[in-house]
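Per-entry structural report
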Amino acid sequence: MQNALVISGLKKVYKGGFQALKGIDLTVKEGDFFALLGPNGAGKSTTIGVITSLVNKTAGKVSVFGHDIDHELEDAKSYLGLVPQEFNFNQFEPLLKILVNQAGYYGVERSIAHQRAEKYLKQLDLWDKRNDAGRMLSGGMKRRLMIARALMHEPKILILDEPTAGVDIELRRSMWEFLRELNNQGVTIILTTHYLEEAEMLCRNIAIIDSGVIVENTDMKSLLAKLDVETIVLDLKPCSSEPVIEGFCYRVIDDHTVEVDVKKSQRINDVFIQLTDQNIDVLSMRNKSNRLEELFVSLVGSGADLTNDQNEDEG
Amino acid sequence: MSSARNMIALKSILHKEVHRFMRIWVQTLVPPAITISLYFVIFGELIGSRIGQMGGFDYMSFIVPGLIMMSVITNSYSNVASSFFSAKWQRNVEEMLVAPVPNWVIVAGYVGGGMSRGILVGCIVTLISLLFTDIQIHNVWVIIVTVALTSATFALGGLINAIFAGSFDDISIIPTFILTPLTYLGGVFYSITLLPDFWQGVSHANPIVYMVNAFRYGFLGISDVSLTVAFSVLGAFIVTLYVIAMTLITKGIGLRS
């Protein structure tokens with residue numbers, strides 16, 4: 001498989017001296033569904049900005065399908081489609097014009113651009129809004145519009161910077177389905193997100209960036225395999241005696257809830273056996289948090305409060 | 001392949017720009033028509049009839065080319081300044097920056113849009129002037145070349161203003177404090193030969209004097225400056241402003257982090 005994107009020794013120092021990227025190396029294969037994860041301010045958007053030439057790099061190399069952005073920038077750009085984090089379309093233009101003009105910037109003839117605009121607006125459920133100005137759309141519609149816009153020149157790499165931030169769960173899942181289908185058609189997808197469930201559901205490979213440094217770069221299965229402990233929350237039938245679970249680290253939250261840390265080497269069955277021996281009924285069980293989230297926090301430290309991020313976006 | 005792609009990109013930017021000012025025609029085309037009509041009524045009909053002749057022509061005929069040129073200048077400039085700054089402010093300029101559009105195509109597209117509005121408003125003002133006076137044409141080619149070069153010059157100026165601008169106030173400062181005074185002192189309403197020698201010399205440092213006089217020559221066959229000098233000044237301004245605009249966009253000043 002050809003390399004779709006190769007980044008080596010990428011550094012970025014902003015005016016004022018803030019070093020956003022401290023020499024990152026990254027390779028994304030053609031056809032991959034790749035996640036770039038990191039807490040706020042880790043350098044995800046800066047990395048994407050450099051790849052798409054919206055941010056001037058300080059040092060390092062970036063090549064897109066073998067085209068170095070220093071020497072063959074226009075060729076490199078022609079492979080890329082970008083869905084940025086912020087809404088950046090003309091709020092006063094009708095959707096159809098936004099899409100057709102965008103296709104024109106990539107050299108797509110207007111007649112073909114109109115056909116593609118119809119195709120993507122229909123696929124993303126925006127066709128009825130085609131003559132409305134961008135500002136009239138809801139937040140979720142605006143996100144879908146930016147995806148349609150990024151696809152107008154049929155890029156080989158689609159880069160999405162937090163594409164589902166602030167989008168309701170139903171719409172988020174339909175967007176996942178759409179992205180999966182695109183990936184199945186051969187489009188390489190690079191996704192930044194702080195919804196770790198999103199990365200786990202969609203992506204095959206993952207890089208975690210923190211403070212401008214790649215702290216992990218591997219495939220999703222290997223990454224999850226590194227997770228040594230999972231915390232299980234058990235809902236118990238209220239009883240007079242407090243549960244005792246030997247050989248496990250556990251916390252009694254209240255008279256009907258207990259959290260149990262289960263190591264890879266341990267069996268959940270042993271927890272149930274001990275509780276059954278004490279005549280304690282387990283009504284239900286669930287993972288305390290997303291598995292990837294636990295791993296993520298352990299990799300990037302206490303600065304990565306993802307739960308708070310999610311709550312803010314959904315609020 | 002890439003030249004065909006560039007041509008489509010250029011047409012797209014031009015289409016977008018022309019569509020923009022046509023969509024908001026009440027803001028872009030009507031005000032200059034009303035303003036210039038007032039100039040014709042006040043300076044041409046009411047005051048002009050008492051002034052008599054200027055440069056061998058009645059005052060109304062004398063000021064028509066200058067007023068047309070004034071409209072071309074202000075509209076070419078403000079179209080690009082407001083459109084490009086708005087694209088920066090809404091960040092939709094990124095649509096072009098991430099696409100394989102060479103910088104010269106971006107500059108040409110916006111300048112072409114500014115020229116289109118400047119020339120269209122110039123045509124509207126010319127039609128309005130026909131309600132007040134007859135227009136004679138001495139040399140149509142001088143008119144066409146002068147209006148094209150002048151609108152390109154000020155469209156480039158508007159682009160540079162928008163690149164540097166950090167707020168909407170910044171795109172009104174130059175037109176208010178520099179462009180308007182230079183236009184009023186640029187021989188629109190008078191022949192600079194009426195001025196004392198010192199102020200005539202000062203007027204020669206005003207580039208708008210050359211544009212207005214070259215344009216007036218195209219209509220009336222009279223000019224306070226030589227055509228060769230006028231076109232040389234215009235050419236020098238276009239080359240200088242184009243180099244500045246290209247350098248700024250290439251470096252990403254105000255556009256890239």
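Note that the structure is predicted; figures quoted are calculated from it, not measured.

Glancing now at helix 6 (residues 169-184) of chain A. Residue and element names in this part refer to chain A. Taking 1.5 Å per residue, 16 residues should reach 22 Å; helix 6 reaches 22 Å between its end C-alpha atoms and fits that length. Looking at the buried residues of helix 6, the elements they touch are strand 8 (188-193) and helix 7 (196-202). Backbone geometry just downstream of helix 6 places Gly186 in the positive-phi region, at approximately 110°.

What follows deals with the domain arrangement of chain A. The assigned domain composition of chain A is domain 1 (3-225) and domain 2 (229-291). The gap between the C-alpha centroids of domain 1 of chain A and domain 2 of chain A is 42 Å.

Turning our attention to the pairing of strand 9 (residues 205-210) of chain A. Residue and element names in this part refer to chain A. Here strand 9 lies mainly inside the structure; six of its six residues are buried. With four bridges joining them, strand 3 (residues 33-37) and strand 9 adopt parallel strand pairing. Counted as the bridge partner of Phe34 is Asn205 from strand 9. Looking at chain direction, strand 9 and strand 10 (residues 213-219) are connected through six bridges and run antiparallel. Across the sheet, the residue bridging to Ala207 is Asn217, located in strand 10. Between strand 9 and strand 10, which pair antiparallel in sequence order, lie two residues; one of them, Ser211, sits at a positive phi of approximately 50°.

Bringing the interface of chain B and chain A into the picture now. With 23 residues of chain B at the contact, the number on the chain A side is 25 residues. Elements with a minimum of two residues in the side of chain B that touches chain A: helix 1 (2-23) and helix 5 (94-97) of chain B. Looking at the side of chain B that touches chain A element by element, the count peaks at eight residues for helix 1 of chain B. Here the side of chain B that touches chain A is built from residues that sort into ten nonpolar, six polar and seven charged.

What follows covers the pairing of strand 14 (residues 282-287) of chain A. Residue and element names in this part refer to chain A. Of all six residues that make up strand 14, zero are buried, and the element is exposed over most of its length. Inspection of the sheet shows strand 11 (residues 229-236) paired to strand 14 by five bridges, in the antiparallel sense. Counted as the bridge partner of Leu234 is Met285 from strand 14.

Turning next to the sheet that holds strand 11 of chain A. Residues and elements named next belong to chain A. Taking strand neighbours across the sheet as the criterion, the four strands line up as 12-13-11-14 in an open arrangement whose pairing is antiparallel. Whereas interior strands pair on both sides, the edge strands pair on one side only; in this sheet they are strand 12 (249-254) and strand 14. Strand-to-strand twist of the sheet, defined as the mean angle between neighbouring strand axes without regard to direction, takes the value 25°. Inspection of the sheet shows strand 11 paired to strand 13 (residues 257-263) by seven bridges, in the antiparallel sense.

Reading the values: the criteria
- Residues numbered from 1 in each chain as written.
- Chains lettered and ligands numbered in written order.
- Predicted model: local features only at pLDDT ≥ 70, side-chain atom pairs only at ≥ 80, totals over all residues.
- Helix = DSSP H or I, 4+ residues; strand = E, 2+ residues; numbered from the N terminus.
- Expected span 1.5 Å × (residues − 1).
- Contact = placed C-beta atoms within 7 Å.
- Domains from an automatic or database assignment.
- Buried ≥ 20, exposed ≤ 12 C-beta atoms within 10 Å, placed from the backbone.
- Pairing = 2+ DSSP bridges.
- Nonpolar A, V, L, I, M, F, W, Y, C, P; charged D, E, K, R; others polar.
- Axes fitted to C-alpha atoms, helices over the stretch in contact; angles between N-to-C directions.

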